[in-house]
Each structure stands twice: as structure tokens, then as C-alpha cells.
Amino acid sequence: MALLANNWLLRKSRASRGPIFVPVVDISAVSLLQALLPLAEQIIRCEKPRGCQRRNAISITRKIKVLSTLFEEVKDVGVPLPPSALLCFRELYIIFQKTKYLLEDWSGDGSYVWLVMQTEEISNKFDVLTHDMATALDVLSLGLLDVSYEVKEQIELVHSQARRAKLFIDMAEEQLRRDVLAVLDQFEKAVTPKKSKLGKILGHLHLKNAGDCLREIELLEEEMRNQNKVGADQNVSMIHSLIGFMRYCKCVQFGVTEMEFDAQLQPSSEHRVSRAESKDFPVLPDDFRCPISLDLMTEPVIVCTGQTYELASITRWIEEGHSTCPKNGQKLLHTNLIPNHALRSLIIQYCDAHNIPFEKQGNNKKRSSMESTVSTKASIEAAKMTAAFLVAKLSTGSFESKRQVAYELRLLAKCNMENRNCIAEAGAIPLLVSLLSCQDPKTQENAITALLNLSIYERNKAKIMQSGALLPIINVLSNGCSTEAMENAAATLFSLSSVDEYKKIIGERPEAIPALINLLRDGTVRGKRDAATALFNLSVFHGNVSQVIAAGAVPLLINALADDIAGLTDNAVSVLAVLANQVEGFLAICETSAIPLIASLLRLSSSSPKCKENCVSILLSLCCSGRDKIVNNLSRLPSLMPSLYNLLTSGTPRAKKKARSLLRILHSWEPSEAPQTILSYETENSVTTVH
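Reading the values: the criteria
- Per chain, the residues get numbers from 1 upward, laid out in the order the sequence is written.
- Side-chain atom pairs in this predicted model are given and counted only at pLDDT of 80 or more, local residue features only at pLDDT of at least 70, and totals for whole chains, interfaces and linings cover all residues.
- Computation of side-chain values: all heavy atoms of the structure, hydrogens and water removed.
- By definition, any uninterrupted DSSP run of H or I lasting at least four residues is a helix, any uninterrupted run of E lasting at least two residues is a strand, and each is numbered from the N terminus.
- Only protein chains enter the accessibility calculation, which uses a 1.4 Å probe; a residue whose area is less than 20% of its type maximum is buried, one above 50% is exposed, and one in between is partly exposed.
- Note on contacts: a residue pair is in contact if any heavy atoms of the two residues lie within 4.5 Å.
- Each accessible area is a Shrake-Rupley estimate made with a 1.4 Å probe; only the visible protein chains count as cover when residues are assessed.
- Grouping buried Ala, Val, Leu, Ile, Met, Phe, Trp, Tyr and Cys residues that are joined through side-chain atoms within 4.5 Å yields what is termed a nonpolar core.
- Pairing between two strands is assigned when DSSP locates at least 2 bridges connecting them.
- Convention adopted: a line fitted to C-alpha atoms gives each axis, helices being fitted over their contacting stretch, and angles between N-to-C directions are expressed from 0 to 180 degrees.
- Each helix should span, by expectation, one fewer than its residue count multiplied by 1.5 Å.
- In this scheme, patches are assembled from residues that exceed 30% relative accessible area and form no salt bridge. Like charges are connected within 9 Å, while nonpolar side chains (Val, Leu, Ile, Met, Phe, Trp, Tyr) are connected within 5 Å.
- Salt bridge, as applied in this entry: a Lys or Arg side-chain nitrogen positioned within 4 Å of an Asp or Glu carboxyl oxygen.
- Under this rule, positive means Lys or Arg and negative means Asp or Glu; His and the chain ends count for nothing.
- To locate a charge, the coordinates of NZ of Lys, CZ of Arg, CG of Asp or CD of Glu are taken.
- An angle below 35 degrees is read as roughly parallel, one above 145 as roughly antiparallel, one from 65 to 115 as roughly perpendicular, and any other as oblique.
- A clockwise turn of the near helix away from the far one marks a right-handed crossing, whereas an anticlockwise turn of less than a right angle marks a left-handed crossing.
- Think of it as three bins: nonpolar holds Ala, Val, Leu, Ile, Met, Phe, Trp, Tyr, Cys and Pro, charged holds Asp, Glu, Lys and Arg, and polar takes everything else, Gly as well.
- Here the aromatic set is Phe, Tyr and Trp, taking the six-membered ring for Trp, and pairing holds for ring centres within 6.5 Å; pairs whose planes are under 30 degrees apart are stacked, those over 60 apart are edge-to-face, and all others are tilted.
- Only when the NZ of Lys or the CZ of Arg is both within 6 Å of the ring centre and within 35 degrees of the ring normal is a charge said to sit over the ring.

1. Observations concerning the overall build of the protein chain
Part 1 of the reasoning: Secondary structure assignment for the protein chain yields 34 helices and 5 strands.
Part 2 of the reasoning: Residue burial in the protein chain is summarised as follows: out of 691 residues, 55% are buried.
Part 3 of the reasoning: Long-range contacts, defined as pairs at least 24 residues apart, comprise 72% of the intrachain contacts of the protein chain with a sequence gap of at least 6.
Part 4 of the reasoning: Here the protein chain has roughly 29,400 Å² of accessible surface; of this, 53% comes from carbon and sulfur atoms.

Next up, the structure:
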């Protein structure tokens, strides 16, 4: 048995970390020694931190190694331990655990610049542990232990060294910390730091090229996520500033000449959790992504229009002064946000089933999204300077330089809203649009992906449209140089079409909808999903429905339902729900064998609540338009009635209303019944939107 002592967990950065255990008073000597020896061995084998902390780590590890010889000899003798020895060993066990956690947190491949910024705090922790060790050894009576003279002499030496130990802080690293803080202070004041000073700092940090900087940025981002989990807002702000500092150094100090090397270190993942389509990596359902950030939602909330967003993203949207729903443009009658516990539960279940990391937080203050972090003045000014530097290169550099700059902007724009705003304010959008006509696959791909990332920021949508980007984007969608460029062009149209005004403008381009249909037919799984979501947004505007149907969308969407491709079924059924409300859509659906297929989705446990809601909406719309013939066909489906009754208890509020209306129609229908009787029922034909 053991008591928990959690008051000395450090950064809590490792999910696998357990609590610190305090052995109970009556623990046996054998059990205590059996726990101490392997713990000491783990500490001895631990990788040591870099820089000045390496000296502190080696010093305390050397003392623990000597103590382990005492444990070994006591264990071999097998003589019962006196109470003072048991008390000492119990305290040493706690100290060893704390030491192990400290070494795990600050050794290995962690961010070096963050280690430097924490040098005084870490040194203090090592100093406290050393003096705690001395205090524990104070109560140990070596004369009562049956151990060799050599071991006693070594333990007395360790005791004396621990008692006399002084706090060690490397003054060179302390000066380096001050130099970094001075640069951050310059950023806050919008003062451009000197390249010579940056070069000196990077040299001391052992960052020799852009690849080293990129790796440091990745480690800082990982550290930010760790700090977010424990709600360490002050640390998060500092790391945010350091990331801005490192991005600026990467571009300005080393230039933009290592794109291919960067790409090997950091695979593209702009607007999805993963670009992988292999069976080993699950596709994240669109319902689980925030429509604003396109990231996995960890704190989904519902606004008054019924749409669901990540709490941090929609809060920022409202704080920026917007009074409309980002997804459908409806006016927000109030700004109350209701937690979507049902969706969050589904996300947690999905992540657990597919081994996707998800921080199960009970406190809204403990954020896990990089988008939700509050940028500091230093990080914003650093982003402005970085964007200005890159845009200058983009406007005057060579073709190869422009290719590299487009890649850098693509990476910078994927990080957060501030970066996207800074890039647009620097004038990057028209220059990126001009690269869309380039026949170099990488250049075109980087340009369209950068525009996609920029379009996530709502204010940039108007700038993109005003720059004349629509036709070039459609051209990339139709005849892009690479599959990824075409897919990201479709995703960009989806992002832009979230604005009601642009739904009409995009639909008026005769090439837009047919190009999306072609991608829906011939694209990869990811491309089909992008095409379907864009078609949904465009179909919400009634003037586009005829074009979507005429282009042949319905048979392709029905095929998508039959294929049961992860992430695509929900999108396809959402588009069909919109089209089914129109006469042309009704006729197109009836020309296929879709009705049994749509009805079968209602009984599948794998179908999402939104999918079932849209399925019952389609069937209800078909009944209203098709009258006796459709109702007769539905009444012959044995699984339909149980599925509808199940929706009455487990469906979404809209699904329940639609199911109730459809059940009334089916129960009242008789083969001899006049059509007018069926038409007398009032039905709800509103369409559920897809997130």
C-alpha cells in the first residue's frame, strides 16, 4: 500500500506519468529496498540535460549511485533495519522519484531555448533535492547497519557533500537568457533586432541552420501543448513569444533556402489532423472539426443558430466584433454558448477507439489547442516582421526564391489567426495569387495551400476575393499540377463559400461547380470530401442547386453512400438533404436506387447523429414531393419503422421532429388513400448543416 503525494509533480508533461508514492510507515525493509534499487538504476540510466543542467544532473546522479551500493549491501546482509534507517530510506524513495521526474522533464530532445529560459528554476529544484537528500541522511545511523567500512565512508562523504552543496547557475547561460529576453523586448517595442545579435544567440543555442530552428519550433510547440494542459498561462505566453522569435530567426537569419529539408522534418498538415489516407490512420469526421480553425474540437459549444464550434475559436470570433454565425451567416441573436456534451463524448470515444491523442479536460481553463493560446505583443510583432521580410522576398526575388517563400508563408499561415492576419496585412495575398498560374507543381501547391490557410481567418476571405483569386483558384481545381493542389483548391472554395455573398459569386462561375463534380468523381478520398463539403456550402444558395444537379452530382453522391467511405458519407448525405428539397433534386434522387440505401443508414450504429438527421430529412422531403409512390416504397422497408422509433428517443431534436412527421405519414397512409390526404401533413423541410 502507498499514499499519494502529488504536490511535487513538475510540468506534468507526460501522460504516462504516475503520482509520487509515499511508502506507508509499516512497509517492510525488503519491499522498500526492492523499490529503491530499480528506481536508482532508472535514474542512473536517465539521459542528462544539456548545458549547465547537465552538471547539476550528473552531480545528483553520482550521489544516488553511491547510495545504491548501500541498498545493495543492506539487501544482501538481510538483517532487519532499525527504525531510523527505514525512515531515511522512505524519504530517499520520495526524493528519488522527484529526481527521476525532473530528469525526464528536462533531458532528451526538449527545447534548448526553453531550458535556458528556465535555468534558474531548474537549478533551484536540483538544489532543493540535494539538500533534502542531506536531511534524509541526517537521521541515518550508519553504526547500526551491518555494512562494510568502505560503504560507510562513501555514504558519509555523500552526506557531507550534500550538506555543503551550493546552488549552481551557469552565468554564461544566465547571460544567454537575458539576451533572449532583450530581443523579445525589442519585438514588443516593434524594434528590429540586429542580425549580429541574433547570430550570437543562435550560436550559443547551437542552432546552425534553418532545420535546427524548425526543430526547435516544433519542440516549443510541444512544450506549449504541455503547458496548456496544466493551465500554465504565464509559461504559455512566454513560449508563444519564443516561437515567434525562432520563426523570425529561421527566415531572416538563414533565409528561405531549405524548403525540401524542412518538408522532410514537418509533413504538410494544414487544414486536417493528418494527410494520411492509409488504413493505419483513421480519417477524422468533419463533424469533429471546428468550422473556424478546422482542428479537432476538444471543447465544442453550440451557438444560438445551432452550429457547433470550438470554444476558443468562437469566443475569439465574437470578441473580434462579429455578430453573425461563421458557418451560415445568420445573425447571432445572443452570444450564449452551450457546451455540446453529446458531441464531446462522441469525439472522446472516437479518439480512444482510434488511438488519437485527446486531453480529457474537466476545466475549461486548461486549453489544448494551439489556436486558443493568447498571442503576446512580442509574438505578434515578430510575426509582422517575419511576414514583411517574406513578402519583400516574394515581390522581388527570383523564381526559386518565390517558390521557397511561398512554402514559408504556407507554414507560417497554418499556425494561428495572428499570423494569418499579419501575412495578409503585409500584402502577400495578391502575390500568392499570381503564383497560382505557375506550372511548377511545388510552387503552385505552396501558393494555393497558403491561400487556404489564410482564408481560415474570416477577414482574409474578402481580401482573397477582392484580389481576383477566384478564377485562378478554379483553374487550379480544374487543371492543377498536382493532386494536393487540386484538393486544396476545393478546400479553399469551401472556406470562401462560408460567406453567403460568395456562394452566389462562386456559383456564377460556370467552371466552378463542374470542377468540383469532377473531383468528387475522380479524386482521392480526401479530394472527394473536400468537393462534397464545398458543394454543400454552394447548394445552400438556391440559385446554385440546378447547376449542382445538372452537373451530375446526385449519382456520385449516392455512390459515395454505397461506398461507405469514412468521412465522406456524412458530407454526401448533407448535400442530398439540400437537393431533395428542390424538384430537380427529387427527380434526380428518384432516378437512382437511393431510398433503401438512405433508409439503411438510419439503422447503422456507425452513422453519426447528423447523418441520421439528414437521412430522415431526405425521406420526408421525398414523401412530400413523391406522394403515394414514395410512401408506398417506404412502407415496404421493414427496417424503417424501428429506425424511426429509435430516432424519437435517441436522435437530435430536429431528427426527432422529422421522424415524428414521417411516422404520421406512414401510419396514416393506405393504398387507396387520396394524394390530398398525404399532402395535408405539415412537414419540416429545413436542412441540417454539416460542420
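Still to come is the rest of the account.
2. A few points about the nonpolar core
Part 1 of the reasoning: Among the nonpolar cores identified, the biggest contains 125 residues, and L432, I473, L619, L634, L640, L644 and L662 are the most heavily contacted of them.
Part 2 of the reasoning: Considering every element that reaches this core, the biggest residue donor is helix 30 (residues 609-626), with 8 residues.
Part 3 of the reasoning: Filtering out sequence-adjacent residues up to four positions away, L662 remains in contact with V616, L619, L620, C623, L634 and L644.
Part 4 of the reasoning: Core analysis: the second largest hydrophobic core is formed by 74 residues, F71, A85, F96 and V252 among them.

3. Things to note about the sheet that holds strand 5 (residues 338-339)
Part 1 of the reasoning: Strands sit in the order 4-3-5 across an open sheet of 3 strands; the sheet is antiparallel. Strand pairing shows two members of the sheet lacking a second neighbour, strand 4 (308-310) and strand 5, which therefore form its edges.
Part 2 of the reasoning: Against the sheet, helix 12 (residues 311-319) engages strand 3 (300-302) and strand 4, with an angle of about 95° to strand 4.

4. Structural notes on helix 30
Part 1 of the reasoning: Look at helix 30: 26 Å from first C-alpha to last across 18 residues, which is about the 26 Å you get at 1.5 Å a residue.
Part 2 of the reasoning: Counting buried residues along helix 30, 14 of its 18 residues qualify, which places the element largely inside the surrounding structure.
Part 3 of the reasoning: Just past helix 30, the residue R627 takes up positive phi, approximately 60°.

5. Side note on a positive patch on the surface
Part 1 of the reasoning: Where like charges cluster on the molecular surface, the positive patch consists of R654, K657, R660 and R664.
Part 2 of the reasoning: Residue R654 is classed as partly exposed on the basis of its relative accessible area, which comes to 37%.

6. Description of the packing of helix 5 (residues 119-138) against helix 6 (residues 149-164)
Part 1 of the reasoning: Interhelical geometry of helix 5 versus helix 6 gives an angle of 130° and a closest axis separation of 8 Å. On the basis of the axis angle, helix 5 is oblique to helix 6. Both helix 5 and helix 6 take part in a crossing whose hand is left-handed. Here T130, H131, A134, T135, L137 and D138 of helix 5 lie close against helix 6, whose contacting residues are I155, V158, H159, A162 and R163.
Part 2 of the reasoning: Its residues assigned to classes, the contact of helix 5 with helix 6 comprises 5 nonpolar, 4 polar and 2 charged.

7. Considering the packing of aromatic side chains
Part 1 of the reasoning: Under the definition given, this model contains 3 aromatic pairs.
Part 2 of the reasoning: Here F187 and Y248 contribute two aromatic rings whose centre-to-centre distance is 5.3 Å and whose plane-to-plane angle is 80°, an arrangement assigned as edge-to-face. Taken together, the residues F187 in helix 7 (residues 171-188) and Y248 in helix 10 (residues 233-254) connect sequence positions 61 residues apart. Each of the two residues, F187 as well as Y248, counts as buried.
Part 3 of the reasoning: One cation-aromatic arrangement involves R55 over F168; the distance from NZ or CZ to the ring centre is 3.8 Å.

8. Some thoughts on the pattern of salt bridges
Part 1 of the reasoning: Here the structure, examined in full by the defined rule, presents 23 salt bridges.
Part 2 of the reasoning: For E408, the salt bridge identified is with K250, shortest N-O distance 2.7 Å. Taken together, the residues span a long stretch of sequence, with E408 in helix 15 (residues 399-413) and K250 in helix 10 at a distance of 158 residues.
Part 3 of the reasoning: Look at K250 and you get buried, because its relative accessible area is 3%.
Part 4 of the reasoning: A salt bridge links R526 to D530, with the shortest nitrogen-to-oxygen separation between them at 3.6 Å. Placement of the pair is R526 and D530 together in helix 24 (residues 525-539), with a separation of 4 residues, close to one helical turn. Just as R526 is buried, D530 falls in that class too.

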